[in-house]
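The chain contents come next:
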Amino acid sequence: MLLNSKGKHRRPSKAVRVATLAGVAGAAIAVPLMGATNASAASVATWDAVAQCESGGNWSINTGNGYYGGLQFSQSSWAAAGGTKYAPRADLATKAQQIATAEVLLDMQGPGAWSCAGAGNLTNDGVDPGVDTGATQTTPAAQPKPAAPKPAEHTEAPAASRSDRGAAAKKTVTTPTGEKVAKGDGEYTVKSGDSLSEIAATHKVKGGWQQLFKLNKNIVEDADLIYPGQQLHLTK
């Protein structure tokens, strides 16, 4: 499996040595070396042999031991070799993406980065595996926002008896957020921009908005929240 930089590498990685030199000569030195992908290469067959030894050839493996994918990348090695442009971890990337990232790591650290390098006869043979990494990691497309509800028209409905109100309350209207609330069967239909205080004042409800709230407590749970399409009673 891949070896990390905390004592498990067989020798200090090139990435470590480059970073040391960059501290003296400038960070720009490290950039082209870290980004190189073709200076060292191995065939797909070679990487298959290494993966067979490292993970039994399971390119999606995650056993919870801190190493991921067919070539058993540590998270730090995966990130250092640029694998996170494909997937957060190696086991979430395709075989081709893992091989492409391994090519970078091979150039950075040499065959010694893998304990199974010998089993796969991994060398810097310069053979381009020619893998197709496909698309890079993408974010889910933004979901379209629901269209704003059209203002409800003011309508007058015949007054209903008290016995009918319980059944009417079971009917619903849809709020702008998609929730279902009781519709009611009152004589006034709420329109966009309405409030209990405005409705009470306009229709001269005795007792004001408090009385209006009380008359419709079977469908209005919060005096500050009424919705277009709800039908409110203005009288008992």
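Here is what the cut-offs are and how they apply
Residues numbered from 1 in each chain as written. Predicted model: local features only at pLDDT ≥ 70, side-chain atom pairs only at ≥ 80, totals over all residues. Heavy atoms only, no water. Helix = DSSP H or I, 4+ residues; strand = E, 2+ residues; numbered from the N terminus. Buried < 20%, exposed > 50% of the residue type's maximum accessible area, 1.4 Å probe, protein only. Polar contact = N/O pair within 3.5 Å; in protein donor to acceptor, adjacent residues only side chain to side chain. Disulfide = S-S within 2.5 Å. Phe/Tyr/Trp six-rings, centres within 6.5 Å; stacked < 30°, edge-to-face > 60°. Expected span 1.5 Å × (residues − 1). Core = buried A, V, L, I, M, F, W, Y, C linked by side-chain atoms within 4.5 Å. Salt bridge = Lys/Arg side-chain N within 4 Å of Asp/Glu carboxyl O. pLDDT = per-residue confidence, 0-100. Contact = heavy atoms within 4.5 Å.

Caption draft 1: Spatial organisation of unusual backbone geometry. The phi angle at Gln72 is positive, at roughly 50°, despite the residue not being glycine. Backbone geometry places Lys204, a non-glycine residue, at a positive phi of 50°. On the secondary structure map, Lys204 appears in the loop between α7 (196–202) and α8 (208–215). With relative accessibility at 70%, the residue Lys204 sits in the exposed group.

Caption draft 2: Region of interest: the side chain of Ser74. Relative to the helices and strands, Ser74 resides in strand β2 (residues 73–74). Judged by its relative accessible area of 4%, Ser74 is buried. A distance of 3.2 Å separates a polar atom in the side chain of Ser74 from a polar atom in the side chain of Ser76. Within the structure, Ser74 has its side chain in polar contact with the side chain of Ser77 (distance 3.0 Å).

Caption draft 3: Layout of the state of the cysteines. Enumeration according to the criterion identifies 1 disulfide in this entry. Each sulfur of the disulfide joining Cys53 and Cys116 lies 2.0 Å from the other. Every disulfide takes its handedness from the sign of the S-S torsion; for Cys53 and Cys116 that torsion is -60°, giving left-handed. Here Cys53 is found in helix α3 (residues 44–55), whereas its partner Cys116 is found in the loop between α5 (95–109) and α6 (162–168), with 63 residues between them in sequence.

Caption draft 4: How the structure looks around the packing of aromatic side chains. Counted under the stated rule, the structure contains 2 aromatic pairs. With 5.1 Å between their ring centres and 65° between their planes, Trp47 and Trp114 make a pair best called edge-to-face. You can see Trp47 sitting in helix α3 and its partner Trp114 sitting in the loop between α5 and α6, a full 67 residues away along the chain. Of the two residues, Trp47 and Trp114, neither departs from the other in class, the shared state being buried. Measuring from ring centre to ring centre gives 5.0 Å for Phe73 and Trp78, while their planes differ by 70°; the resulting arrangement is edge-to-face. For Phe73, a relative accessible area of 0% gives the class buried. With relative accessibility at 0%, the residue Trp78 sits in the buried group.

Caption draft 5: Spatial organisation of α5. Between its terminal C-alpha atoms α5 stretches 20 Å, which fits the 21 Å expected from 15 residues at 1.5 Å a residue. Counted residue by residue, α5 has 14 buried out of 15 residues, so it is predominantly covered. Phi for Gly110, located one or two positions after α5, is positive at around 85°.

Caption draft 6: Expanded view of the nonpolar core. Formed by 24 residues in total, the largest nonpolar core has its most connected members in Trp47, Val50, Leu71, Phe73, Leu105, Trp114 and Leu122. Counting residues per element, the ones that place at least two in this core are α3 and α5. With 6 residues, the top contributor of residues to this core is α5. Membership of the second largest hydrophobic core comes to 13 residues, among which are Val190, Ala200, Leu212 and Leu234.

Caption draft 7: How the structure looks around the pattern of salt bridges. Scanning the entire structure with this criterion turns up 3 salt bridges. The partner of Lys95 in a salt bridge is Asp48, and the shortest N-O contact between them spans 2.9 Å. Of this pair, Lys95 sits in helix α5 while Asp48 sits in helix α3, placing them 47 residues apart in sequence. When its relative accessible area of 29% is taken as the criterion, Asp48 is described as partly exposed.

Caption draft 8: Expanded view of the confidence of the model for the chain. Per-residue confidence for the chain gives a mean pLDDT of 75; residues scoring 70 or more make up 67%. Throughout residues 4–39 the model reports pLDDT below 50, and contacts reaching past four residues in sequence, or to other chains, amount to 39 contacts.

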